[in-house]
Amino acid sequence: MPIFELFLLLFFAVIALPMTVSIIFSTVKLGISPMPSSNKANLAMMQLIDETEIETKAGPIIDLGSGWGNFVIAIAKRYPHRKIVGYELSYLPWLTSSLLKKLLGLKNLTLHRQDFYQAELPSSSVLVCYLFPQAMEKISNSLPLEQSGVSFVISNNFALPGWQASKTIPIDDFYKSPVYLYKISKR
């Protein structure tokens, strides 16, 4: 067997196969695979973060389901004066974003491999997410947003059921997906 073919076989057996199994396992367990936002959606979400900055007093920005790190790393770089927190349950995307964080030396970024429904959300925070309809419904029903320290929710593509968006930005990308901004009124 030639060396190149042996290398490909070894690569597939040691790296590609376990990675594929990890992604499939996480997708089945969580009900969705990690999917990065489009660049246009990322820019729209950053625009909305800029608009919330006066009211949140440079408080934490929390990415629910931070995936491969595409957006959470971009916001950590763009807002070095703010604490950025990402939550991701899928192992391989979390590991990838954690390695990128270390390589880039992003000291303002904290990444957790934990269920964000169980997390205590800090005051004056902005939640950003690109989840799926069932997760958005669960956030709407199970996170007591009005009693929490959350000031804003920014969602890519999927609306927060039962809530009226303060602002919607239509995105001219492949998916034609909107980005929603929700201002959370405190009771």
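Residues numbered from 1 in each chain as written. Predicted model: local features only at pLDDT ≥ 70, side-chain atom pairs only at ≥ 80, totals over all residues. Heavy atoms only, no water.

1. As for the nonpolar core
One finds I49, I75, L109, I154 and V179 to be the most contacted residues of the largest nonpolar core, which totals 25 residues. Mapped by element, the contributors of at least two residues to this core are α2 (39-56), α3 (70-78), β3 (109-112), β4 (125-129), β5 (150-156) and β7 (178-183). Each residue touching I154, except ones within four places of it in the same chain, is listed here: M45, L48, I49, V126, L127, V128, C129, V179, Y180 and L181. In this structure, F116, M136, L160 and A165 belong to the second largest nonpolar core, which totals 22 residues. (Core = buried A, V, L, I, M, F, W, Y, C linked by side-chain atoms within 4.5 Å. Buried < 20%, exposed > 50% of the residue type's maximum accessible area, 1.4 Å probe, protein only. Helix = DSSP H or I, 4+ residues; strand = E, 2+ residues; numbered from the N terminus. Contact = heavy atoms within 4.5 Å.)

2. What about the pattern of salt bridges?
Think of it this way: side chains of opposite charge can pair up when their charged atoms draw near. Taken as a whole, this structure holds five salt bridges when the rule is applied. Its salt-bridge partner being R78, residue D50 comes within 2.6 Å of it at the nearest N-O pair. Of the two residues, D50 sits in helix α2 while R78 sits in helix α3, which places them 28 residues apart along the sequence. By relative accessible area, which is 38% here, R78 ends up partly exposed. With a closest N to O distance of 2.9 Å, K167 and E51 form a salt bridge. Here the residue K167 occupies a position in strand β6 (residues 167-170), and E51 occupies one in helix α2, the gap between them amounting to 116 residues. What makes K167 partly exposed here is its relative accessible area of 30%. (Salt bridge = Lys/Arg side-chain N within 4 Å of Asp/Glu carboxyl O.)

3. Side note on the packing of aromatic side chains
Applying the stated criterion across every chain yields a total of four aromatic pairs. Sitting above the plane of the Y117 ring, K138 keeps its charged end 4.2 Å from the centroid. (Phe/Tyr/Trp six-rings, centres within 6.5 Å; stacked < 30°, edge-to-face > 60°. Lys NZ or Arg CZ within 6 Å of the ring centre and 35° of its normal.)

4. Here we look at the sheet that holds strand β1 (residues 61-64)
Ordered by their spatial adjacency, seven strands build an open sheet running β3-β2-β1-β4-β5-β7-β6, and the pairing between neighbours is mixed. Here the strands that pair on one side only, and so sit at the sheet edges, are β3 and β6. On average, each strand axis in the sheet is inclined to that of its neighbour by 15°, with strand direction left out of account. Relative to β5, β4 is paired through five bridges, and the arrangement is parallel. By the bridge assignment, V128 is partnered in β5 with I154. (Pairing = 2+ DSSP bridges. Axes fitted to C-alpha atoms, helices over the stretch in contact; angles between N-to-C directions.)

5. As for the confidence of the model for the protein chain
On average, residues of the protein chain score 83 in pLDDT, and 79% of them are at 70 or above. Taken element by element, the predicted model of the protein chain shows its lowest mean pLDDT in helix α1 (residues 3-30) (60) and its highest in β3 (97). (pLDDT = per-residue confidence, 0-100.)

6. Comments concerning the pairing of β4
Across the five residues that make up β4, a large majority, five, are buried. Side-chain alternation along β4 places S125, L127 and C129 on one buried face and V126 and V128 on a second face that is also buried. With four bridges connecting them, β1 and β4 associate as parallel partners. Bridging across to β4, L64 finds its partner in C129.

7. Quick word on a nonpolar patch on the surface
Among the surface-exposed residues, L100, L103 and L104 lie close enough to one another that they form a single nonpolar patch of about 300 Å² accessible area. Checked against the element boundaries, L104 lands in helix α4 (residues 91-104). (Patch = residues over 30% accessible without salt bridge, like charges linked within 9 Å, V, L, I, M, F, W, Y side chains within 5 Å. Areas by Shrake-Rupley, 256 points an atom, 1.4 Å probe, with all protein chains shown as cover.)

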